[in-house]
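Read off the chains here:
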Amino acid sequence: MVLAVRAAHCGTEMLRDSDPPLTPEPCMHRHRPASEKTQDISHLLASIFKELYTTDIIGRDTVANLEKSRGGGNDYHEKYVAELQKVHAEYSRRMAEASMLEQHIAEARARSTVAEERALSRTVQEVGDMYFSLGLPPVKSTFKWCVDNSLLKQHHLICPEDYVTEQQLLTKAPKGKSAPSFANPTLSFTQHVSRSSQDDDYTEIPPPERTAESILEESEVSLTLPSTPESSTRVIKSIKKSGPSRKVVWKEELGGSSLSEERAAVAKLQERHNFLRNPRFLPPHAHRGGKSLILPMRKVERMVEGKRVLVEESDPLEAIPVFLANPAIVFFNDYRVGQIYETTLELRNLTATSRHVRVIPPSTPYFSIGLGKFPGEGGIVAPGMSCHYTVRFAPDSLADFEDFVLVETQALYPLVVPIEARRPPPILTLPSVLDCGFCLAGGVKITEFLCQNEGLSTGRFCIMPKKMWPAANFRSVTTVGFTEQPPFGICPSLFELHPGQATIVEVAFFPSSFDTFTQIFSIVCDNCQVKDITVTGTGQIIALQLLSISEGEDRPALGEPRDLTAEHFVRFDAANPHSVTQKRLLIRNTAHIALPFHWQIMMPNLQPLMPEEEIKPAKIDYNMATDGAFDINPRQGTLAPLQDHAFTLSYCPQELKDYHSVCHLVLRDIPDPPQETSGDGADRPAQRRAAVNDVIVMEIEVKGSTEHYKVLLEPYALHFPGESVTGTTIKRRFKMWNNSRTHVVFHWERLSDHHIMEVEPPTGVIEMNECCDLELALTGGEPGSHSLRLDCRIEHHDEPVTLVVQAAFKGPRVCINIPSLDLGLLRLGDHAKSTVHITNTSHLAASWALQEVPDRRQELSREVSQISVEPCRGLLPPLGGCNVDVVFRPSVCQRFHTILELAVDRGCGCHLSVQANVQLPQVCLLSCELVFSELYVGVPARGTVRLFNQTLLPASFCWGELQGPQASLCSATFSPSAGTLGPSAEAEISVEFTANTDRELTEVIALCSVKDMKDPLVLVFFSKAQPLRVSYVLSDSAEPLSRDSPAVALDFGPLLVHGAVKKQLLMTNHTAIAAPFVVEAEYFTGRPPSPPAACGSHIGPRTTLLRRHRTLAHKAEDQTHKEFVNGLLSHGKGAAFFVQPASGTLGPFETLTLDITAFANMWGDYRDDLVCRVGGLDPVLIPMSMRVRGCPLFFQIMGPQTENQTRGPIVRFGTHISGGDTVSRPLRINNSSPYDIRLDWETFNQEKGDPKLLDMVVSYGEAFPLKDADGNEVLGGSTGSTESGERRWDWDNIPSTAGTSSSLRT
């Protein structure tokens, strides 16, 4: 830390410790903007003004509403509204003042603008239009004269006087327009040339109207001074006009040429005396006042004598530095009291002209400045040169000093050169708060803190209580050793540290009570800086608490003797000798300091007390317990502050008796309670040594009892049934239970006389209430029955535990590893070999022999034996064994079974059963016939048969070709055609059978060969295939029409000419045979016209056009349909039957719908047959009939009529004169049929107003008789005219009107 606080007696202001740093961004209801370039500063205002900015504004309406709600009984509401009214009134007043200020500034700006425009116009009027081209600066601002500066200052606003430093110009009375200076006569002209009246010193001269300042100001504007006293003083003389003036006489005497010559001479003389002013006497910011050597000039293009010239100019508003101080700040950083230090200050002229300089010395007595050293005489500094001043510093302390030197020049502002004297302060690492922690009341705690000087200068420091500073004399406050301010003391109180040097500061804390103490000390440095440090500490008292005891704290019985001072009681359950029982104690140190402790096991004080009798400390004895039954761990240590500590209390009895002790918890080095000290200050707690003692803070009384070990065997005796082979080891498992209070350690003895008897494991540990599984191993040495005893020793137990064993033994024994031998399934011709192991289970050598049972061998004595044993006899060592091979070679298929006997010499043998099954492969068909009930000619049918392997041997099979008289009429495939059947396996064979005839097949078989079987398997096929069968039925009839059914006609009913009727015929295939079909009419066959090949290229554009125009699309469809119908009727038969589809394939069991459409373009009755050809069946003829009515003729003027075909047009002849010319109207009739049609015309008159509803016309004779030109019937078929006699008509060309005659006349 930096000790940078000056003392009050040093004359500077004391600085306080820096406040804790604020958070950089308070938590407000304003979010920081995501972009760094945003202009939103609401979050910044919210962080500065907090609730003043983020709180909702109480507006005028809210205040008005609260005022209306006044008058109730709530005093708080009345007070709140009154305060709110005051705030609102203050807000309104301030807003009114702000509006008034804004209006005043706006009015002042307007007045200033008007005044500036008036001055600018006056200047332009004087100079002319060339003013703007000269680039002259604008007129001076008059805003500072128009605004009220006092009003702005009153409201704490910036006024022009704050930033305008020019001196106030003298305001003169307005005068008339004066002549320019160059027009005034010079002194030489007045004395030698001018003839005007001169001053004779008798006329009273008034005082001059201008001062030197005004003359100098005028020269700064015009850059010249007038050379005549008249022009400089403007003396106004009062001359009485007593006679004619000389000037007038002179003007009258001179002629025109003399006057011009005189004026030229005067001008020439004035040019000689009109010189520029010396820039030395001009301020730097004035025109030609001096060019800066460091600031570049601005080059501006000007018009000089009609030419464009680059002229260097400077900004008149820019401040031009005149002198530069080196150094810019005069600084003294290493000084001592009583010494004088000097340094040089250099002032360099930065302008292009020589300058005067004036230096004002510092104001404090610690700094002084000597006479300047100039480069030339007269105190003038040339351009680029510098003058030097000596600055002296004489400190009287090591504090910081500040002052300045003021350098005045012709610039607008003086040059200020600061002078500072600062020694780098020593920086101590001592924290501002020294926490001594916790200490017991009455004790003393010394805490050390490292204090290092990290600064760059040496410092001497003195530590004292804050209340003693400031002190008149350091000797009165400094002490040797500790400087005390109870309950704290700091040592050393006076020390010195060089840069980088460190020392240890000891703080003594001696509290007197249970409380928190805080004192403030001051560290005073020799450079008059003071730093306050806070020393804090907390006094503590001893506070321990027994939190818990495992299994809980016990209560003594009524009348049971107890210790006099014990606070807690713990009782242990009964335990066995040398066993350990533990309980866990949990003790909490509630103090904030660590407490060293140790435990003491003491004998109890069992003195009887009367009721309400007090315990006398003198009668209490403290004797250490010597029995050693109780112990506590850890025995000693330190109790950490505010921590829970676990202790283990152990009970380990050594003898069979009861134990009673007391455990004392003793705290070491506990200070005595503080005593009141005398007020003379002779007792210094920080330097005295505290008295400490050991204190018993907790007593726990413990009791325990002892009992015997309890060990049991289960079972308590072992009996081995039967007989055991001598020399072999027999084992039996048993258990040992520990019912004691603790674990037991056991050790079993080993018996080796005649017999070997031992227990595994021989030693071990059994936990409380648990058992141990043991195994007894007994090896017999002598045959016979024996009873044995084996002892087990228990640690810390006097009497052993005994186990009784009974067993019987016998001689050697040989056995086979398997009870029976199954050689399994064998194919006849193969042999089987198996190996058995013979083991001698006894410890004696055994002679053995393995052979068949004698009775079985006698039965087979006539035949060769099928089984053999290798080797058949031998000698086995004790516990040895050997392998014997048993070989079986069958001769016939059979179920073989025999018994082999293992005989042991003077021992126990055994028997071995041997069996085998000898077979050959045998496969059968589960069904030998395969019947296909539903079969069609040429259509494959599927069926399945099953093969079954009747043996346990795998069998290979293979299917062959069909055989039999009818095998050529059919075919069959098997899947799989070959394979292998596993033992007792069943295989499903898929058969695909195809019949090529509809005859019944009964003499077709298939053979299946099986390996190692003599005869193959035979599969017989039975089938009757059905031929193709097709039926026809009308869509509106449910009765089918077949080949043998009576004919059914297709009646299309009445039909108009150019009409169409559609009928549907259903064709059904009743079999699974697919067959091609062709359906067409026998005579009136209608085939659609084939489209031209070139029409495909025009489909695309035409389709696109038709999509765009729906009307054209409908017309195109009608036209296409008309062309299609005309193509069907193009054969000229008058009718056509169109079938769709006309050909294709009829699938299995498929019902196909045939659309039959009838078209006609001529009347009449039509009949035809529909021929249906399906596969190889005979054609089926279905009659069709159709009656066509209507007329194929139509007038072209009306077009074809689809509904009323007999309707004719109305022919209008108009109005004509009776007896006029004949009026004719041509009518064109179109015949759309392929036949010629005769027309007869009859004319009828319709009378207006005729009451008859119906005209009855009776005709007889021929239906269409032949008539002449006049309409008369011609008899005999001819007329009297030549034309009719020459022409003959053939009436047979109209088939619908057979037997009639007709004629065609137009």
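This is a predicted model, so every value here is computed, not measured.

(A) How the structure looks around the overall build of the chain. Within the chain, the secondary structure is distributed over 17 helices and 68 strands. Put simply, the chain has 1306 residues, and 32% of those count as buried. Put simply, of all contacts in the chain between residues at least 6 apart along the chain, 70% involve residues at least 24 apart.

(B) Structural detail: the environment of Lys153. Its place among the elements puts Lys153 in helix H7 (residues 149-154). Residue classification places Lys153 among the partly exposed residues on the basis of a relative accessible area of 44%. The contact partners of Lys153, leaving out residues within four places of it in the chain, are Cys159, Glu161 and Asp162. Polar contacts involving the side chain of Lys153 include one to the side chain of Glu161, which spans 3.1 Å.

(C) Layout of the sheet that holds strand S4 (residues 330-332). The strand order across the open sheet formed by four strands is S4-S12-S11-S7, and the pairing between neighbours is mixed. The outermost strands of the open sheet, each flanked by one partner alone, are S4 and strand S7 (358-360). Ignoring which end each strand starts from, the neighbouring axes of this sheet average 15° apart. Note that S7 and strand S11 (residues 401-408) share three bridges and pair antiparallel. From the neighbouring strand, Ile360 faces S11, where its bridge partner is Leu406.

(D) Spatial organisation of the packing of helix H3 (residues 60-68) against helix H4 (residues 75-127). Across the interface, H3 lies against H4 with an axial gap of 10 Å and an inter-helix angle of 145°. Here H3 runs over H4; the crossing is left-handed. Contacts between H3 and H4 pair Arg60, Val63, Leu66 and Glu67 from the former with His77, Tyr80, Val81, Leu84, Gln85 and His88 from the latter. Its residues assigned to classes, the contact of H3 with H4 comprises five nonpolar, three polar and two charged.

(E) Summary view of the pattern of salt bridges. One pass over the full model with this rule turns up 30 salt bridges. Here Glu701 makes a salt bridge to Arg562, at a shortest N to O gap of 2.8 Å. With Glu701 in strand S30 (residues 692-704) and Arg562 in the loop between strand S22 (544-549) and strand S23 (568-571), this residue pair connects regions lying 139 residues apart in the sequence. You can call Arg562 partly exposed: its relative accessible area is 28%. When the shortest N-O distance is used, the salt bridge between Arg793 and Glu749 registers 3.5 Å. Of the two residues, Arg793 is situated in strand S38 (residues 784-794) and Glu749 in the loop between strand S34 (744-748) and strand S35 (756-760); the sequence distance between them amounts to 44 residues.

(F) Layout of the side chain of Gln966. Structurally, the position occupied by Gln966 is in the loop between strand S52 (955-963) and strand S53 (970-975). By relative accessible area, Gln966 is classed as buried at 11%. Only 2.9 Å separates the side chain of Gln966 from the backbone nitrogen of Thr1002, close enough to count as a polar contact. Leave out the neighbours within four places in its chain, and Gln966 touches Arg999, Glu1000, Leu1001, Thr1002, Glu1003 and Val1004.

(G) Fine view of the nonpolar core. Judged by nonpolar contacts, the single largest core of 40 residues is most densely connected at Tyr1032, Phe1052, Met1067, Leu1170 and Met1186. Those elements giving two or more residues to this core turn out to be strand S58 (1030-1034), strand S59 (1050-1056), strand S60 (1060-1069), strand S61 (1075-1081), strand S62 (1135-1140), strand S64 (1151-1160), strand S65 (1164-1174) and strand S66 (1180-1189). Counting 32 residues, the second largest nonpolar core, distinct from the first, contains Leu925, Ala941, Leu1001 and Met1013.

(H) Broad picture of H4. With 53 residues, H4 extends 78 Å from end C-alpha to end C-alpha; this agrees with the ideal 78 Å at 1.5 Å per step. Within H4, burial applies to His77, Glu78, Val81, Leu84, Leu101, His104, Ala108, Ser112 and Val124. Gly128 lies just past H4 and shows a positive phi near 110°.

(I) Spotlight on the packing of aromatic side chains. For the structure shown, the criterion picks out 30 aromatic pairs. Here the aromatic rings of Phe993 and Phe1021 are separated by 5.2 Å at their centres, their planes lie at 15°, and the arrangement is stacked. Of this pair, Phe993 sits in strand S55 (residues 986-995) while Phe1021 sits in strand S57 (residues 1017-1026), and the two are 28 residues apart along the sequence. Side by side, Phe993 and Phe1021 carry an identical accessibility label, which is buried.

(J) Summary view of the sheet that holds strand S29 (residues 659-671). On the basis of which strands lie adjacent, the open sheet formed by five strands has the order S23-S30-S29-S25-S27 and mixed pairing. Lying at the two open borders of the sheet, with one neighbouring strand each, are S23 and strand S27 (636-639). Looking at each pair of strands side by side, their axes are set apart by 30° on average, direction ignored. In this structure, S23 lies alongside S30, joined through four bridges in parallel fashion. Looking at the pairing, Phe569 lines up with Glu701 of S30.

(K) Structural detail: helix H1 (residues 42-49). Buried within H1 are the following residues: Ser42, His43, Ala46 and Ser47. Take H1 and look down its axis: the buried residues cluster within an arc of 135°, on one side only. Looking one or two residues past H1, Lys50 carries a phi angle of roughly 55°, positive in sign.

(L) Expanded view of the side chain of Asp1168. Structurally, Asp1168 can be placed in strand S65. Side-chain polar atoms of Asp1168 contact the backbone nitrogen of Tyr1083, separated by 2.9 Å. Engagement of the side chain of Asp1168 in a polar contact is seen with the backbone nitrogen of Phe1084, the distance being 2.7 Å. In this view, Asp1168 contacts Ala1081, Glu1082, Tyr1083, Phe1084, Phe1137, Ile1182, Pro1183 and Met1184; residues no more than four positions away in its chain are not counted.

What counts and how
Residues numbered from 1 in each chain as written. Predicted model: local features only at pLDDT ≥ 70, side-chain atom pairs only at ≥ 80, totals over all residues. Heavy atoms only, no water. Helix = DSSP H or I, 4+ residues; strand = E, 2+ residues; numbered from the N terminus. Buried < 20%, exposed > 50% of the residue type's maximum accessible area, 1.4 Å probe, protein only. Contact = heavy atoms within 4.5 Å. Polar contact = N/O pair within 3.5 Å; in protein donor to acceptor, adjacent residues only side chain to side chain. Pairing = 2+ DSSP bridges. Axes fitted to C-alpha atoms, helices over the stretch in contact; angles between N-to-C directions. Left-handed = near helix turned anticlockwise from the far one by under 90°. Nonpolar A, V, L, I, M, F, W, Y, C, P; charged D, E, K, R; others polar. Salt bridge = Lys/Arg side-chain N within 4 Å of Asp/Glu carboxyl O. Core = buried A, V, L, I, M, F, W, Y, C linked by side-chain atoms within 4.5 Å. Expected span 1.5 Å × (residues − 1). Phe/Tyr/Trp six-rings, centres within 6.5 Å; stacked < 30°, edge-to-face > 60°. Arc of directions from axis to C-beta.

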